[in-house]
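# Residue-level structural notes
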Amino acid sequence: MSIESVRQYLAGFGLADRVMELAESSATVAEAAADLGCEEARIAKTMAFVTPDGPVLVVMAGDARVDNPRFKALFHTKAVMVPPADLPGAVGHPMGGVCPFAIRQGVRVYLDESLRRFDVVYPAAGTGRSAVRLDLAELERSVQNFAGWADVGKGWRDPTP
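Quick look at the structure, then. Small disclaimer: the values here were computed from a predicted structure and weren't measured. (Residues numbered from 1 in each chain as written. Predicted model: local features only at pLDDT ≥ 70, side-chain atom pairs only at ≥ 80, totals over all residues. Heavy atoms only, no water.)

Next up on the list: the overall build of the protein chain. From N to C terminus, the protein chain includes 5 helices and 11 strands. Referenced to the eigenvectors of the C-alpha coordinate spread, the extents of the protein chain come out at roughly 40 × 40 × 25 Å. Put simply, the protein chain has 161 residues, and 48% of those count as buried. For the protein chain, restricting intrachain contacts to residue pairs at least 6 apart in sequence, the fraction spanning at least 24 positions comes to 65%. (Helix = DSSP H or I, 4+ residues; strand = E, 2+ residues; numbered from the N terminus. Buried < 20%, exposed > 50% of the residue type's maximum accessible area, 1.4 Å probe, protein only. Contact = heavy atoms within 4.5 Å.)

Here is the structure:
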């Protein structure tokens, strides 16, 4: 899979023109934010996990981290990431380009509650030098194999008084 497969997939939603090829690496949250000129939290990082029912993708805000107890409560297993070398075969994209578009059939995708703070977010688009600008409604509508919203992130909420 590649940026072209993502562009073709998003064309079905009228969003192909949103795919951006970047001059610099966008493989990390910090790199993507610097390339796009936005805050790191708006980078919609897609994390791939191993579960007994197959790989699962969780898209969360760039400033969120996985909360292991919440993850285990939802997926009934520890949060174990798909090894980088296995990503293309397991989900369809290499490390740095993992995204919820043009993925392997059967890979479930969840959007984390940490994203709901933003009107616009930037997930990758299949390569470590790509991104796509989407509002939350467009993201939810275009996610392949969308399984629902999840609350498995931590570190992004404002501290309570």
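Still to come is the rest of the account.
This paragraph deals with the packing of aromatic side chains. Enumeration over the complete set of coordinates arrives at 5 aromatic pairs. Their ring planes at 50° and their centres at 4.7 Å tell us that F49 and F71 sit as a pair that is tilted. A residue pair is termed long-range when its members are at least 10 positions apart, and F49 in strand β2 (residues 43-50) and F71 in helix α3 (residues 68-75) qualify at 22 residues. Overall, F49 belongs to the buried group, its relative accessible area being 2%. Judged by relative accessible area, F71 falls into the buried class, the value being 0%. In this structure an aromatic cluster arises from ring pairing among F49, F71, F75 and Y110. A cation over an aromatic ring shows up here: R116 above the ring of W149, its NZ or CZ 3.8 Å from the ring centre. (Phe/Tyr/Trp six-rings, centres within 6.5 Å; stacked < 30°, edge-to-face > 60°. Lys NZ or Arg CZ within 6 Å of the ring centre and 35° of its normal.)

Once that is clear, we can look at the pairing of strand β3 (residues 56-61). Burial analysis of β3 places 6 of its 6 residues in the buried class, which makes it a mostly covered element. Pairing of β2 with β3, which is carried by 6 bridges, proceeds in the antiparallel orientation. When the bridges of β3 are listed, M47 appears paired with V58. If you look at the hairpin formed by β2 and β3, you'll find 5 residues sitting between the two strands, and G54 has a positive phi there, around 105°. Relative to strand β6 (residues 108-112), β3 runs parallel, the two sharing 4 bridges. In the sheet register, V58 faces β6, and the bridge partner there is Y110. (Pairing = 2+ DSSP bridges.)

Moving on: the environment of A48. With respect to the element layout, A48 can be found in strand β2. On the basis of relative accessible area, A48 is assigned to the buried category, the value being 4%. Counting along the chain gives 40 residues from A48 to P88, while the straight-line C-alpha distance between them is 11 Å. Not counting residues within four places of it along the chain, the set of residues in contact with A48 comprises V56, L57, V80, M81, V82, L87 and V91.

The next point concerns helix α2 (residues 29-36). Among the residues making up α2, those that are buried are V29, A32, A33 and L36. The buried residues of α2 all sit within an arc of 100° when viewed along its axis, so they share a single face. Immediately beyond the C-terminal end of α2, within one or two residues, lies G37, with a positive phi of roughly 70°. (Arc of directions from axis to C-beta.)

The next point concerns the state of the cysteines. This model, assessed by the stated rule, comprises 0 disulfides. Note on C38: no disulfide assigned, nearest cysteine sulfur contributed by C99 at a separation of 16 Å. Taking relative accessible area as the criterion, C99 reaches 0% and is therefore assigned buried. (Disulfide = S-S within 2.5 Å.)

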